[in-house]
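# Coordinate analysis (summary)
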Amino acid sequence: MLSTYLKWFVVLAEEGQVTSAADLLRLSQPTLSRRLARLERQLGVELFDRHGRRLRLNQHGRLMFEHASRALNELTNAEERIATMISPTAGTVRLDFLHSFGTWLVPDLIRGFRAEAPQIRFALHQDAAGLLGERVRSGHADLAVVSPRPDAADLQWLLLSRQPLALAVPAGHRLAGRAAIDLGDAADEPFIAMHPDFGMRRLLDEAAEGAGFTPEIVFESSELATATGLVSAGLGVALVPVARAARWPDGIVIIPIRGARAAREIGMIWAPDRHMTPPVRRFRDFVARRT
């Protein structure tokens, strides 16, 4: 298939090294090098700048990579649609999700679905909320489980659940004895926050704005577990969701936050203008029945 031919170039461009790309593709290094030389001869230009064993895309290579990635994605979609035409009960669901959902929500959904549709496979990808919407738009993912709800008219949203928000503070903190607080009570505290692309950072920024202050961010993390661990070390406070059967590090206290907006919505998104294969539609409908 043409998609196989394009895949080796995309992998080589992403890896930037013949050795690691050949290992991923299960090709010999000489075979991969010959394929690259043949492609460059056909195009009449070099696609990479060589720096020892490292390969870096030049301007011609970046153009080739952009179009090859797009073409590979479309060919993969075509192969999957043809496969589902032949066998509608088989196929692949490309499901993206936030890192924090990989320990409970996504496994629960897949486990329940595979009990009724064991032939359907999953291709999974974790990333920040700000990037998952773009992957769904571009067709790199069929569905994504995200939070909060994207502010985008071109993505469909299915609400799955709501989690209360709380403030994590070190044991012995001045607020630790409170039964509940307004977020504004912590306006003068140093905050440990998620990176700007993450959904919890957006919730913190919006909640703090609603409480009339701008949080002082002393550390940014990509993992909630890291954020709460740093809270337990006394480095600051953190806005956290109260998940089902949540396990917190020793040395922290979780204080519920009052207010109508003190919750995070979890939902599934998809692009309504893109074709949805029968396996993807079947999984989406299964998730909708569970909500």
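Below is a summary of the structure that appears in this document. Keep in mind that this is a model prediction, so the values were computed, not measured.

So, on to the packing of helix 2 (residues 18-25) against helix 3 (residues 29-43). Relative to each other, helix 2 and helix 3 sit at 105°, their axes nearing to 9 Å. Accordingly, the angle class assigned to the pair helix 2 and helix 3 is roughly perpendicular. Touching V18, T19, A21, A22 and L25 of helix 2 are Q29, L32 and S33, all from helix 3. Of the residues assigned to the contact of helix 2 with helix 3, the class counts are 5 nonpolar, 3 polar and no charged.

Overall, the coordinates contain 1 cavity of 30 Å³ or more when judged by the stated rule. In this structure, the largest cavity occupies an estimated 50 Å³ of space. Of all elements in the fold, only strand 7 (190-194), helix 7 (199-210) and helix 8 (224-232) reach the threshold of two or more residues within the lining of the largest cavity. Of the residues contributing to the lining of the largest cavity, the split by class is 8 nonpolar, no polar and 1 charged.

Here strand 3 (residues 91-97) lies mainly inside the structure; 7 of its 7 residues are buried. Burial along strand 3 is two-sided: the residues G91, V93, L95 and F97 and T92, R94 and D96 are all buried. The pairing of strand 3 with strand 4 (residues 120-126) spans 7 bridges and is classified as parallel. In the sheet register, L95 faces strand 4, and the bridge partner there is L124. The β-α-β motif built from strand 3, the intervening helix 5 (residues 105-114) and the parallel element strand 4 has right-handed crossover chirality. Taken together, the 3 bridges between strand 3 and strand 5 (residues 143-146) define a ladder with parallel strand orientation. Across the sheet, the residue bridging to D96 is A144, located in strand 5.

So, how was this worked out
Residues numbered from 1 in each chain as written. Predicted model: local features only at pLDDT ≥ 70, side-chain atom pairs only at ≥ 80, totals over all residues. Heavy atoms only, no water. Axes fitted to C-alpha atoms, helices over the stretch in contact; angles between N-to-C directions. Helix = DSSP H or I, 4+ residues; strand = E, 2+ residues; numbered from the N terminus. Parallel < 35°, antiparallel > 145°, perpendicular 65-115°, else oblique. Contact = heavy atoms within 4.5 Å. Nonpolar A, V, L, I, M, F, W, Y, C, P; charged D, E, K, R; others polar. 1 Å grid on protein atoms, 1.4 Å probe; cavity = no way out; pocket = protein on both sides within 12 Å on 5 of 7 lines; lining within 4 Å. Points joined across faces, edges and corners; volume = space filled by probe spheres on them. Buried < 20%, exposed > 50% of the residue type's maximum accessible area, 1.4 Å probe, protein only. Pairing = 2+ DSSP bridges. Right-handed = clockwise from strand over helix to strand, strands pointing away.

Function cannot be inferred from these measures alone, as they are strictly geometric.
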